[in-house]
Amino acid sequence: MKKWMLLGLISALFMLGGCGMELDTNGNQAAEEPNSIAFNDEFTKGFLQSSDEVVKGHYLLKSQTEGYTVHFPINATLDKAVFERAGDEFEAVGFVENDNQENLSYYYNINYDDQPRANDIEFKLDMFDTYLDYTGDFEEYTKDRVTYYYSKDVFEFEGEKSYQYFAYVKPEIENKGINFIGSVTCIDYDQPCKQNSKEVKDKVLKIMHSIDFKSR
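Presented here is an overview of the structure given in this document.

About the thresholds
Residues numbered from 1 in each chain as written. Predicted model: local features only at pLDDT ≥ 70, side-chain atom pairs only at ≥ 80, totals over all residues. Heavy atoms only, no water. Helix = DSSP H or I, 4+ residues; strand = E, 2+ residues; numbered from the N terminus. Expected span 1.5 Å × (residues − 1). Buried < 20%, exposed > 50% of the residue type's maximum accessible area, 1.4 Å probe, protein only. Arc of directions from axis to C-beta. Contact = heavy atoms within 4.5 Å. Disulfide = S-S within 2.5 Å. Pairing = 2+ DSSP bridges. Salt bridge = Lys/Arg side-chain N within 4 Å of Asp/Glu carboxyl O.

Examining helix α3 (residues 121-132)
Stage number 1. With twelve residues, α3 should cover 16 Å at 1.5 Å per step; its first-to-last C-alpha distance of 17 Å lies within 8% of that length.
Stage number 2. Among the residues of α3, those classed as buried are K124, L125, M127, F128 and L132. Buried residues of α3, seen end-on, are gathered within an arc of 130° and therefore sit on one face of the element. Opposite its buried face, α3 presents the exposed residues E122 and T130, each directed more than 90 degrees away.
Stage number 3. Residues of α3 that are buried make contact with β6 (104-114), β8 (146-157), β9 (160-171) and β10 (176-186).
Stage number 4. Downstream of α3 by a residue or two, D133 has a phi angle that is positive, lying close to 60°.

Right, dumping it as structure tokens:
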């Protein structure tokens, strides 16, 4: 083979090997982003601290207020329609994760407050009457210097049930708190669905207990 043909072949192989390869600002090969539902959604990706999983199956979502972080399922997406922010004092986010294999849909709501009303426990618990039409009792417990006012309920509409696990999450940090709701429904109510299993409850509470408040 003539030398010029060999050089052309080698050059072509290098070009093919470099296709799809991203470089960082220093010209080095950049790490590829994971092919997950969360990272494939542009709005969601803007809230994720990195492509590293903090625990298996979860990224770290960082509030745009910088007031808290929470574990975020790799197969979830943020609901852009419900996102709301008022400076660093308030933020509302919602995200959904569908588990087609288990026929379950999880929807999470996090309403963050950084203002004096966050210290008014009665006021914050009354919000669940507005959100969920719930006026029952709450279990109070403390875990890692955070107090949880927790309860659960079942919502039924036309014979179809959704299970809700919710709490007001109050850290020792003054003026901070989060109203958390995790709702679980069947994707297809004509198919088997274990909405109220211990595994489902534990999954939702792991998200709730992963909330980590930040001081400014």
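Having put the structure on the table, let's press on.
Comments concerning the state of the cysteines
Stage number 1. Per the stated rule, a full pass over the model turns up one disulfide.
Stage number 2. With its sulfur 2.2 Å from that of its partner, C186 forms a disulfide with C193. Negative torsions about the S-S bond denote left-handed disulfides, and the value of about -105° found for C186 with C193 makes this one left-handed.
Stage number 3. The class of C186 is buried, set by a relative accessible area of 8%.

Observations regarding the pairing of β8
It is a general feature of regular strands that their side chains alternate between the two faces of the sheet.
Stage number 1. Across five bridges, the pairing between strand β7 (residues 139-143) and β8 is antiparallel. Residue Y141 lies in a different strand from β8, and its bridge partner there is Y148.
Stage number 2. What sits between the antiparallel neighbours β7 and β8 is a turn of two residues, in which D144 has the positive phi angle 55°.
Stage number 3. Sheet analysis places β8 next to β9, joined by twelve bridges and oriented antiparallel. Across the sheet, the residue bridging to E156 is K161, located in β9.
Stage number 4. Hairpin connection, β8 to β9: the antiparallel pair is bridged by two residues, and E158 has positive phi, about 50°.

Observations concerning the sheet that holds strand β2 (residues 68-73)
Stage number 1. Here we have three strands laid out as an open sheet, ordered β1-β2-β11, and antiparallel in their pairing. The open sheet has two edge strands, β1 (58-62) and β11 (212-213), and neither has a second partner.
Stage number 2. Examined bridge by bridge, β2 and β11 share two bridges and lie antiparallel to one another. Bridge assignment links Y68 to a residue of β11, and that residue is F213.

What to know about the pattern of salt bridges
Stage number 1. Applying the stated criterion to the full structure yields nine salt bridges.
Stage number 2. Across the salt bridge formed by E42 and K45, the nearest N and O atoms sit 3.3 Å from each other. Pair noted here: E42 and K45 are both in helix α2 (residues 42-45), with a separation of three residues, about one helical turn.
Stage number 3. In this structure E42 comes out as exposed when scored by relative accessible area, which is 57%.
Stage number 4. Here K124 makes a salt bridge to D113, at a shortest N to O gap of 2.6 Å. Taken together, the residues K124 in helix α3 and D113 in strand β6 connect sequence positions eleven residues apart.
Stage number 5. In this structure, a network of salt bridges that share partners links the residues D113, R117 and K124.

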